[in-house]
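Reading the structure
Next come the chains, spelled out residue by residue.
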Amino acid sequence: MTAPAVDRTSVPLRRWILDLGAVALLVGASVLGFWPTFAGPSYLPAAIGGIVLGLAIAAVTTWRRWGLLIVTGLTVAVYFVFGGALALPHTTILGIVPSLETFEKLALGTVTAWKQLLTTVVPVSAIDGHLVVPFLLSLVVTTLAACLALRLPQVVWALLPTGVMLVLVIALGTPEPAFPIVQGLVFAVVAIAWLALRQLWAPQNAAVSVGEVDPSRASQMRMRRLIAGGAVLAIAGGAGVATSAVAAPQQSRHVFRDVIIPPFNIRDYPSPLQAFRKNVRDEASDTLFTVTGLPEDARMRIAVMDQYDGMVYNVTDGGPGSSSAFGPVRSNMSPDAEGIPVTLQVEIDEYRGVWLPDAGSVSQIDFTGDRAEELRRSAYYNTATGTAVVTAALDQGDSYTVDTVLPNEFDDTQLADVEFGNVTLPKQSNVPEELRTLAAETVAGAESPIEQVRALETFLADGGFFSHGLEGEVLSRAGHTAERISTLIGGDQMIGDDEQYAVAMALLAREVGIPARVVMGFYPDEEQAGDAVFTATGDTIHAWVEVNFDGLGWLTFNPTPPEDKVPNDQNTKPKVDPKPQVLQPPPPPQEPVDLPPTLPDDRKGDDESLNILGIIGAILAIGGISLGILALLASPFILIGAWKAARRRSRRHAARTADRISGGWDELADRAVDYGARIPPGGTRAEEAATVAATLTVPQVTTLAQRADAEVFGPTEPTAEDVDAFWTEVDAIVGGLGKDAGFWKRLKARLNLRSLLGGSAMSVGLQNLKDAAAARVRREPGTIESSPRPTTSTSPESETP
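What counts and what doesn't
Residues numbered from 1 in each chain as written. Predicted model: local features only at pLDDT ≥ 70, side-chain atom pairs only at ≥ 80, totals over all residues. Heavy atoms only, no water. Helix = DSSP H or I, 4+ residues; strand = E, 2+ residues; numbered from the N terminus. Buried < 20%, exposed > 50% of the residue type's maximum accessible area, 1.4 Å probe, protein only. Contact = heavy atoms within 4.5 Å. Areas by Shrake-Rupley, 256 points an atom, 1.4 Å probe, with all protein chains shown as cover. Salt bridge = Lys/Arg side-chain N within 4 Å of Asp/Glu carboxyl O. Axes fitted to C-alpha atoms, helices over the stretch in contact; angles between N-to-C directions. Parallel < 35°, antiparallel > 145°, perpendicular 65-115°, else oblique. Left-handed = near helix turned anticlockwise from the far one by under 90°. Nonpolar A, V, L, I, M, F, W, Y, C, P; charged D, E, K, R; others polar. Pairing = 2+ DSSP bridges. Expected span 1.5 Å × (residues − 1). Phe/Tyr/Trp six-rings, centres within 6.5 Å; stacked < 30°, edge-to-face > 60°. Lys NZ or Arg CZ within 6 Å of the ring centre and 35° of its normal. pLDDT = per-residue confidence, 0-100. Core = buried A, V, L, I, M, F, W, Y, C linked by side-chain atoms within 4.5 Å. Patch = residues over 30% accessible without salt bridge, like charges linked within 9 Å, V, L, I, M, F, W, Y side chains within 5 Å. Polar contact = N/O pair within 3.5 Å; in protein donor to acceptor, adjacent residues only side chain to side chain.

**As for the overall build of the chain**
- What the chain contains, in helices and strands, is 25 helices and 17 strands.
- Each of the 801 residues in the chain was classed as buried or not, and the buried ones make up 44%.
- Taking all contacts inside the chain whose residues are at least 6 apart in sequence as the whole, residues at least 24 apart take part in 77%.
- When the accessible area of the chain is evaluated, it comes to approximately 40200 Å², of which 60% is carbon and sulfur surface.

In structure tokens, the structure reads:
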């Protein structure tokens with residue numbers, strides 16, 4: 001199968017540079033749309049590598065005049081050879097050499113990478129296999145567009161794949177655009193300039209006559225044309241930028257991600273604060289996990305909760321800035337954190353659940369052990385709150401290292417003139433009405449923000465008593481519903497533990513506009529303070545409050561009374577304040593229902609699970625059916641090309657050199673037949689050459705036919721050099737057959753079956769029928785027509801002197 005005819009010497013170097021440069025700029029402008037998906041430039045090496053490799057494939061295959069099959073095969077080979085280093089470096093040997101895992105993931109990635117990219121919460125991690133998408137898109141589109149630009153006279157065909165890629169990148173991205181003005185302006189300007197220059201450089205549009213008469217005038221005309229074109233582009237670009245600034249859309253754009261259900265939703269898991277009393281009661285002496293490297297006075301965080309609905313303090317699903325803005329774990333997650341950098345080594349023992357213990361502003365989490373890869377793939381982190389989740393759930397034996405930055409500590413003197421931070425928190429609801437009045441009265445005498453917070457903290461810590469409500473302790477119900485907090489505040493005595501006091505302080509603070517949230521976690525008691533290894537148990541679990549101060553971040557406050565501060569009368573029970581109250585939700589049971597978090601799929605209803613599985617199955621089915629249909633439609637063309645290529649190889653490498661010469665002529669005759677020459681079967685080479693020369697205007701075939709007869713029927717066998725020279729001349733003539741033909745005529749010749757069926761029994765039978773029909777038409781009345789003599793076909797390979 002021969003490639004489209006391209007005369008390398010007739011195409012100036014400036015056109016090659018223009019075409020390759022324009023394709024690179026158009027594809028590069030398109031891949032900028034992946035910036036929000038990867039939250040930065042981490043994907044650019046893969047995308048740029050795909051562009052460079054695609055340009056190289058297009059340039060080499062066009063220069064060598066290789067056909068569609070070779071271009072496709074070379075593209076596939078480049079994808080597998082360089083895909084590991086550019087898209088999956090963590091699977092390669094030394095970051096370069098592909099491994100078996102690399103080839104496996106690259107092969108599967110052509111089908112599954114699209115679904116994984118759309119079903120992963122953005123920003124996606126570059127080391128999680130998502131780089132396959134920008135690399136594959138850049139490689140394929142660049143190769144296709146550059147090949148079309150270099151091989152076809154009309155550059156508009158090369159704009160089609162680049163335009164499709166721009167739309168596809170937008171659809172695969174996020175609702176928030178990356179650089180819409182830059183993308184649109186670059187794409188429009190490059191496309192218009194490319195079309196104009198190609199039209200200007202076209203031979204039929206060259207100002208030959210003017211240049212011959214007055215070269216200086218021709219130069220001035222070209223310069224004026226270039227200046228005018230540049231002015232038009234500048235004005236159009238400026239108008240486009242101004243229009244986009246004025247007419248910016250009010251709503252975010254719709255992308256594929258909007259209709260794909262993500263596999264992770266933080267609200268699939270119950271708030272860890274609901275199990276606080278259970279942890280205290282059932283795991284008091286159990287070793288949950290150990291931490292090596294935790295500084296003195298530092299705390300291990302489990303979860304941050306910032307939304308209250310009257311029943312539970314929970315994480316939210318309100319978007320960025322809230323505790324639901326979880327993204328896949330990656331490196332350098334907190335680049336702007338200030339404080340003390342530390343490295344913590346965590347070993348999981350009896351601890352279970354999806355909430356990952358961490359501390360400070362985490363920069364990186366590295367999992368170790370047998371389940372390291374499973375945990376890494378299911379790990380998500382919220383940079384706004386510092387909360388980490390692993391949907392695979394932690395189990396005994398799991399371990400990981402946390403690189404983090406612990407915040408600096410500030411005293412009240414340093415905070416005297418610091419205002420509260422301007423942060424957005426979810427709206428709380430069903431808060432007891434009396435809390436607003438109580439909060440206002442408590443902070444009435446405070447003059448600064450830190451004094452307001454200290455007033456609320458002191459009111460609870462000094463005015464309340466501590467009790468977990470366990471055996472032998474003063475009655476203290478679990479939970480933190482609106483009814484429970486109202487009972488705590490309105491009773492004769494405030495009795496509770498960290499769960500109630502932390503929630504009460506956060507609610508009071510929010511009622512007077514203080515940005516506060518509840519945190520649950522672990523920190524050492526006095527006996528473990530300063531130990532090299534911190535052992536987390538049920539006795540060391542706590543809940544506290546964090547308040548945001550401008551420029552300093554979230555600072556810790558402890559509203560819970562000391563554990564040794566208990567009521568003197570063991571029978572004292574809190575009484576409800578008789579003041580009128582709003583209708584509150586009914587109280588929960590004495591102990592909260594034990595709902596250990598499990599994987600999202602285990603907690604979802606059958607209908608939702610089936611819905612998600614159905615969507616994923618539909619995506620895979622549609623993709624598989626589409627690939628199958630494309631393969632089925634392309635199979636006849638691939639079969640024809642392979643058939644012709646195999647026959648060419650057998651002729652070129654025949655056992656006898658004379659047969660190679662004869663095969664070279666047969667190859668030329670077959671290509672001429674594909675381009676429309678009507679060569680009758682059984683003719684000599686001279687007769688075939690005359691037909692080809694007359695039909696396709698290729699006079700040099702007559703000389704080549706004489707040379708072939710001389711070589712085949714000569715007294716000696718042709719040498720290998722004679723064979724190479726003969727085939728070189730054959731390839732030059734065959735390449736020139738489609739030089740003046742259009743793209744569709746060359747494609748039709750590639751897929752023509754006449755040369756494959758020539759000389760076959762079917763072809764001979766059809767020719768005999770046509771001859772008989774023609775004889776009947778010419779038959780004169782009254783004459784007796786004899787039976788038509790069958791036409792015999794002499795195979796070129798069996799031709800004898």
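After that view of the structure, there is still more to cover.
**A few points about the pattern of salt bridges**
- Tallying each qualifying case throughout the model produces 27 salt bridges.
- Measuring nitrogen to oxygen at the nearest pair gives 3.0 Å for the salt bridge that ties Arg-377 to Glu-373. With Arg-377 and Glu-373 both in helix H12 (residues 372-377) and 4 residues apart, the pair spans about one turn of that helix.
- Where Arg-707 meets Glu-729, a salt bridge forms, and the shortest distance between an N and an O atom there is 2.7 Å. Note that Arg-707 is positioned in helix H21 (residues 700-713) and Glu-729 in helix H22 (residues 720-737), a separation of 22 residues in sequence.
- A relative accessible area of 28% means that Glu-729 is categorised as partly exposed.
- Connected via shared salt-bridge partners are Arg-647, Arg-651, Glu-667, Asp-670, Arg-671 and Asp-674.

**Observations concerning the packing of helix H5 (residues 100-118) against helix H6 (residues 132-151)**
- Contact geometry for H5 and H6: axes closest at 9 Å, N-to-C directions at 115°. Compared by their axis directions, H5 and H6 come out roughly perpendicular. As for how H5 packs across H6, the hand of that crossing is left-handed. Each of Leu-106, Gly-109, Thr-110, Ala-113, Trp-114 and Leu-117 in H5 lies in contact with H6, whose residues at this interface are Val-132, Val-133, Leu-136 and Leu-137.
- For the contact of H5 with H6, the per-class residue count stands at 8 nonpolar, 2 polar and no charged.

**Details of the sheet that holds strand S11 (residues 399-406)**
- With antiparallel pairing, the 5 strands of this open sheet are ordered in space as S8-S11-S6-S1-S15. In this open sheet, the two edge strands, each paired with only one partner strand, are strand S8 (361-368) and strand S15 (533-536). Put simply, the sheet's adjacent strands are angled 20° from each other on average, direction ignored.
- Here strand S6 (residues 340-348) pairs with S11 via 8 bridges, running antiparallel. Among the inter-strand pairings, Gln-345 is bridged to a residue of S11, identified as Thr-401.

**Quick word on helix H7 (residues 156-172)**
- Taking 1.5 Å of rise per residue, the 17 residues of H7 would be expected to cover 24 Å, and the 25 Å separating its terminal C-alpha atoms lies within 8% of that figure.
- For H7, the set of buried residues is Ala-158, Leu-159, Pro-161, Thr-162, Met-165, Leu-166, Val-169, Ala-171 and Leu-172.
- For H7, the elements touching its buried residues are helix H1 (13-31), helix H2 (35-38), H5, H6 and helix H8 (180-201).

**Quick look at the pairing of strand S9 (residues 379-382)**
- Where burial is concerned, the two faces of S9 agree: the one with Ala-379 and Tyr-381 and the one with Tyr-380 and Asn-382 are both buried.
- Sheet topology places strand S5 (residues 327-328) next to S9; 2 bridges connect them, and they run antiparallel. Bridge pairing in S9 places Gly-327 opposite Tyr-381.
- Sheet topology note: the S9/strand S10 (residues 387-394) ladder contains 4 bridges and is antiparallel.

**Let's talk about the environment of Asn-314**
- Structurally, Asn-314 is set in strand S4 (residues 313-314).
- On the accessibility criterion, Asn-314 (7% relative accessible area) is buried.
- Taking the C-alpha atoms as reference, Asn-314 lies 8.9 Å from Val-518; in sequence the two are 204 residues apart.
- Apart from the residues within four sequence positions on either side, Asn-314 is in contact with Arg-267, Ser-271, Met-305, Asp-306 and Gln-307.

**Here's the deal with the packing of aromatic side chains**
- Evaluated as defined, the whole model comprises 13 aromatic pairs.
- Here the aromatic rings of Tyr-79 and Phe-135 are separated by 5.9 Å at their centres, their planes lie at 20°, and the arrangement is stacked. Linking Tyr-79 in helix H4 (residues 68-87) with Phe-135 in helix H6, this pair joins segments that are 56 residues apart in sequence. Each of the two residues, Tyr-79 as well as Phe-135, counts as buried.
- A connected cluster of aromatic rings, assembled from ring pairs, spans Tyr-79, Phe-80, Phe-103 and Phe-135.
- Over the ring of Trp-544 we find Arg-299; its NZ or CZ atom is 4.8 Å from the centre of that ring.

**Regarding the confidence of the model for the chain**
- For the chain, per-residue confidence averages 79 on the pLDDT scale, and residues scoring 70 or more make up 75% of the total.
- Note on residues 1-9: pLDDT is under 50 here. Beyond four places in sequence and across chains, it has 27 contacts.
- Across residues 759-767, where pLDDT falls below 50, the model places 6 contacts with residues more than four positions away in sequence or in other chains.

**What about the packing of H21 against H22?**
- Interaxial distance between H21 and H22 falls to 12 Å at its minimum, and their mutual angle equals 155°. The angle between the axes of H21 and H22 places the two elements in the roughly antiparallel class. The two elements H21 and H22 cross, and the hand of that crossing is left-handed. Along the contact surface, H21 presents Gln-700, Val-701, Leu-704, Arg-707, Ala-708 and Glu-711, while H22 presents Asp-722, Ala-725, Phe-726, Glu-729, Val-730 and Ile-733.
- Split into classes, the residues belonging to the contact of H21 with H22 amount to 7 nonpolar, 1 polar and 4 charged.

**Quick notes on the nonpolar core**
- Of all hydrophobic cores here, the largest spans 86 residues; its most connected members are Phe-289, Met-300 and Trp-355.
- Element by element, the count of residues in this core is highest for helix H16 (residues 498-511), at 9 residues.
- Beyond its immediate sequence surroundings of up to four residues, Trp-355 is in contact with Ile-266, Tyr-269, Pro-270, Pro-272, Ile-302, Ala-303, Val-315, Thr-387, Ala-388, Val-389 and Leu-394.

**Some details on a nonpolar patch on the surface**
- On the surface, Ile-93, Leu-94, Ile-96 and Val-97 cluster together into a nonpolar patch covering about 440 Å² of accessible area.
- With respect to the secondary-structure elements, Leu-94 resides in the loop between H4 and H5.
- Judged by its relative accessible area of 80%, Leu-94 is exposed.

**Digging into the sheet that holds S9**
- Ordered in space as S5-S9-S10-S7, the 4 strands form an open sheet in which the pairing is antiparallel. With one partner strand each, in any of the chains shown, S5 and strand S7 (353-356) form the two edges of the open sheet.
- Relative to S10, S7 runs antiparallel, the two being bridged by 3 bridges. Each residue of the ladder has a partner; that of Trp-355, found in S10, is Val-389.

**Considering the side chain of Arg-198**
- When you line up the elements, Arg-198 lands in helix H8.
- Within the structure, Arg-198 has its side chain in polar contact with the backbone oxygen of Ala-149 (distance 3.4 Å).

**Digging into the pairing of S10**
- Along S10, 8 of the 8 residues are buried, which leaves the element largely enclosed by surrounding structure.
- Joining the antiparallel neighbours S9 and S10 is a turn of 4 residues, in which Gly-386 adopts a positive phi near 75°.

**As for the environment of Met-494**
- Considering the arrangement of structural elements, one finds Met-494 in strand S13 (residues 494-496).
- By relative accessible area, Met-494 is classed as buried at 6%.
- When the C-alpha atoms of Met-494 and Ser-476 are compared, they prove to be 9.6 Å apart, with 18 residues separating the residues in sequence.
- Setting aside residues up to four positions removed in sequence, Met-494 forms contacts with Phe-459, Leu-460, Gly-463, Gly-464, Phe-465, Leu-488, Ile-489 and Tyr-501.

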